[in-house]
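Structural description and commentary
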Amino acid sequence: MVTKSEDQMKALALKLFEINAFKFGDFKMKVGVNSPVYFDLRVIVSYPDVMQTVSDLLVAQIKELKLSSKHVCGVPYTALPLATIVSLQQQTPMLVRRKEAKAYGTKKLIEGIFQAGDTCLIVEDVVTSGSSILETVRDLQSEGIVVTDAVVVVDREQGGAANVAKHGVRMHSLFTLSYLLNTLHEEGRIERSTVDAVAKYIAATQINTDGSFIGGDKASIPNDFSRTKLTYEIRANLAKSPLTKRLFTLMATKKTNLCLAADLSKADDVLDLANKCGPYICMLKTHVDIIEDFSEAFITNLKTVAKKHNFLILEDRKFADIGNTVSQQYGKGMYKIASWANLVTAHTLPGRSIVQGLKAGLSNDNARKERGVFLLAEMSAKGNLIDEKYKESSNKIATEGGDADFVSGVVCQSSTCFGFPGLIQLTPGVKIDEGVDNLGQQYQTPEHVVKERGADIGIVGRGILQAANVEKAAATYRDRLWAAYLERVSK
Ligand code: S5P
């Protein structure tokens, strides 16, 4: 029999964080406010070892508490596989609750063999207000089934236990949110400020089962986790990808959020520009396919300049093909981009396979830790075809699923593109003189893109390239972008 040891609980808490079953940021919730913590236990089906541990611990909990029941029933849908494993391990027959009654045939809401008066234990993944548990309880009760207990994986401590208790159901959780926060903090995964921000939010958002807040209105809820309000230092700790952490830290220590678009066609001109502007930038963006005299020596020299002035190289390749082609375009050909560009850009048009294709272009896991991608969710070009749905789907690719650790951020024009503070918003179309060029490029000022549009890094090309003194222009753009950032986080 598996017992719940402290070590096992701690290890599972860390593992759940690692696989993105929960994360910290600024997330829109069903109840209409933004939460600084988000749970998505749906991902655990992709990790059989985690499924096994979670269900072992649920069974151990059921045994410890001596919760005997004739049936077990999962709250649809996330908890269904967990309930199945509990049923198998305990040899307790399962009941399945339909979310909608079938329009034909039996019209049953509860599938399985039972009799009125039978007892049933509920299994649930994450509890906020407890309303999902109560919906399942209601349907079971309408068939005469008796429910007295529910085992759950995570209690967000927002009033769920009290709400279900009012309906005669005791809730037993493996983890409370406080336990998860403290464990991650003790293990050095999150900062004290994260623990405090989440605790403050939870205290202010105790929820009734109807979704209303106990003794408070939504407007007064603290939102310390809004991405644009957090410093780059704090966000470095929230980032999932090692390279993104490095970039945030570089920005914070070098005090620059300027990316220079080195759109020049001679290798020596690019190197000269990089040397002059290197001290002011966090990233140099290349379009390697516009360089007429490309050579391996150019790359060697560029890497030396990048090291000397401490900036990263972003090849703005805007990959957009199927995974197999992208993996070759990234790693092979005359440019061998994967061998020198810390970061690349890619369109989300092909879906998740674009990220998988890029990962496949790298030789091993270690190489992946030093590489990353910025996904395009919007474009600065006038009349571009991107709509709200495309933006939303791009956000999902960037923040959900197993490849999110390779994504460093999103190229976009507005702060609504994504909420997760562990990603970087990269915004092109920046110029001191606003306006539109003769090919449809739209420009905003440095202050506007940072303070109004949510840019973390501003990309400047011709604003610097066409200046009489590029070094001076880079310093000016750096100063203005950085001052705008400081003002943004100080409010
Ligand atoms: O939507 C976009 C995305 C990108 S990456 N709009 C853009 O302008 N870019 C790139 O940013 C573009 O390819 C160019 O290299 C740079 C903007 O240059 P500028 O000269 O207009 O400042």
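Residues numbered from 1 in each chain as written. Predicted model: local features only at pLDDT ≥ 70, side-chain atom pairs only at ≥ 80, totals over all residues. Heavy atoms only, no water.

1. Brief notes about the site of the ligand
The ligand sits among 18 residues. The nearest are Asp-263, Lys-285, Ser-380, Tyr-443 and Arg-462. Contact between the ligand and Tyr-443: an oxygen atom at 2.6 Å from a side-chain N or O atom of the residue. Burial of the ligand by the surrounding chains reaches 91%, relative to a free accessible area of 490 Å². (Near = heavy atom within 4 Å. Polar contact = N/O pair within 3.5 Å; in protein donor to acceptor, adjacent residues only side chain to side chain. Areas by Shrake-Rupley, 256 points an atom, 1.4 Å probe, with all protein chains shown as cover.)

2. Brief notes about the sheet that holds strand 8 (residues 170-176)
Read across the open sheet, the 6 strands follow the order 5-4-3-6-7-8; overall the sheet is mixed. Strands at the two margins of the open sheet, each flanked by one partner only, are strand 5 (110-111) and strand 8. Across 8 bridges, strand 6 (residues 119-127) lies against strand 7 (residues 146-155) in parallel orientation. Directly across from Ile-122, in strand 7, lies its bridge partner Ala-150. Sheet strands touched by helix 6 (residues 177-186): strand 7 and strand 8. Its angle to strand 8, the strand with the most contacts, is close to 10°. (Pairing = 2+ DSSP bridges. Helix = DSSP H or I, 4+ residues; strand = E, 2+ residues; numbered from the N terminus. Contact = heavy atoms within 4.5 Å. Axes fitted to C-alpha atoms, helices over the stretch in contact; angles between N-to-C directions.)

3. Observations regarding the packing of aromatic side chains
Two measures describe an aromatic ring pair: the distance that separates the ring centres and the angle between the ring planes. Counted by the stated rule, this structure contains 14 aromatic pairs. Relative to Phe-22, the ring of Phe-17 has its centre 5.4 Å away and its plane inclined at 45°; by these criteria the two rings are tilted. Residue classification places Phe-22 among the buried residues on the basis of a relative accessible area of 1%. Note on Phe-27 and Phe-420: the rings are 6.5 Å apart at their centroids and 25° apart in plane angle, and the pair reads as stacked. One end of the pair, Phe-27, is in strand 1 (residues 22-28); the other, Phe-420, is in the loop between strand 14 (407-411) and strand 15 (424-427), and 393 residues separate them in sequence. With relative accessibility at 5%, the residue Phe-420 sits in the buried group. It is Arg-227 that lies over the ring of Phe-418; its NZ or CZ is 4.0 Å from the centre. (Phe/Tyr/Trp six-rings, centres within 6.5 Å; stacked < 30°, edge-to-face > 60°. Buried < 20%, exposed > 50% of the residue type's maximum accessible area, 1.4 Å probe, protein only. Lys NZ or Arg CZ within 6 Å of the ring centre and 35° of its normal.)

4. Concerning the nonpolar core
Formed by 90 residues in total, the largest nonpolar core has its most connected members in Leu-247, Met-283 and Ile-464. The element contributing the most residues to this core is helix 18 (residues 470-490), with 10 residues. The residues contacting Leu-247, other than those within four sequence positions of it, are Cys-282, Met-283, Leu-312, Leu-343, Phe-374, Ile-424 and Ile-457. In this structure, Met-29, Ile-44, Leu-174 and Leu-181 belong to the second largest nonpolar core, which totals 53 residues. (Core = buried A, V, L, I, M, F, W, Y, C linked by side-chain atoms within 4.5 Å.)

5. Re the packing of helix 1 (residues 6-18) against helix 2 (residues 48-64)
Running from N to C, helix 1 and helix 2 point in directions that differ by 140°, and their axes come no closer than 11 Å. On the basis of the axis angle, helix 1 is oblique to helix 2. As for how helix 1 packs across helix 2, the hand of that crossing is left-handed. Touching Gln-8, Met-9, Leu-12, Lys-15 and Leu-16 of helix 1 are Asp-49, Val-50, Thr-53, Val-54 and Leu-57, all from helix 2. (Parallel < 35°, antiparallel > 145°, perpendicular 65-115°, else oblique. Left-handed = near helix turned anticlockwise from the far one by under 90°.)

6. Description of the UniProt feature "active site" (unreviewed entry) in the chain
Mapped onto this structure's residue numbering, the UniProt feature "active site" (unreviewed entry) falls at Asp-316, Lys-318 and Asp-321. Counting through the fold element by element, Asp-316 comes out in strand 11 (residues 312-319). The buried category is assigned to Asp-316, whose relative accessible area is 8%. Apart from residues no more than four positions distant in its own chain, Asp-316 is found in contact with Lys-285, Thr-286, His-287 and Thr-345. Side-chain polar atoms of Asp-316 contact the side chain of Lys-285, separated by 2.6 Å. When you line up the elements, Asp-321 lands in the loop between strand 11 and helix 12 (323-331). (UniProt positions renumbered as here; feature names shortened; annotations may be inferred.)

7. Examining the sheet that holds strand 18 (residues 457-460)
Pairing within the closed barrel is parallel, and its 8 strands lie in the order 9-10-11-12-13-14-15-18. Sheet twist, expressed as the average angle between the axes of neighbouring strands with direction ignored, equals 30°. Summarising the sheet, strand 11 and strand 12 (residues 343-347) pair through 3 bridges and their orientation is parallel. Across the sheet, residue Phe-319 finds its bridge partner in strand 12, namely Ala-346.

8. Re the packing of helix 10 (residues 267-277) against helix 11 (residues 296-309)
Relative to each other, helix 10 and helix 11 sit at 5°, their axes nearing to 10 Å. Accordingly, the angle class assigned to the pair helix 10 and helix 11 is roughly parallel. Residues Ala-267, Val-270, Leu-271, Ala-274 and Asn-275 of helix 10 form the contact with helix 11, whose participating residues are Phe-298, Asn-301, Leu-302, Val-305, Lys-308 and His-309. Among the residues forming the contact of helix 10 with helix 11, the class breakdown is 7 nonpolar, 3 polar and 1 charged. (Nonpolar A, V, L, I, M, F, W, Y, C, P; charged D, E, K, R; others polar.)

9. Some words on unusual backbone geometry
Tyr-77 follows Pro-76 through a cis peptide bond whose omega is 0°. Mapped onto the secondary structure, Tyr-77 falls in the loop between strand 3 (71-74) and helix 3 (80-90). Phi is positive for Lys-336, which is not a glycine, with a value near 40°.

10. Regarding the pattern of salt bridges
Under the counting rule described, the total for this entry stands at 26 salt bridges. Between Arg-97 and Asp-139 there is a salt bridge; the shortest N-O distance is 2.7 Å. Of the two residues, Arg-97 is situated in strand 4 (residues 94-97) and Asp-139 in helix 4 (residues 131-141); the sequence distance between them amounts to 42 residues. Take Arg-97 and Asp-139: they sit in the same class, and that class is buried. Across the salt bridge formed by Asp-456 and Arg-488, the nearest N and O atoms sit 2.8 Å from each other. On the criterion of sequence distance, the pair formed by Asp-456 in the loop between helix 16 (446-452) and strand 18 and Arg-488 in helix 18 is long-range, its members being 32 residues apart. The burial state of Asp-456 is the same as that of Arg-488; both residues are buried. Salt bridges sharing partners connect three or more residues here, namely Arg-227, Arg-235, Asp-456 and Arg-488. (Salt bridge = Lys/Arg side-chain N within 4 Å of Asp/Glu carboxyl O.)

11. Concerning the side chain of Ser-394
In this structure, Ser-394 sits in helix 15 (residues 388-399). Reaching out from Ser-394, the side chain makes a polar contact with the side chain of Thr-348 at a distance of 2.8 Å. A polar atom in the side chain of Ser-394 sits 2.8 Å from the backbone oxygen of Tyr-390.

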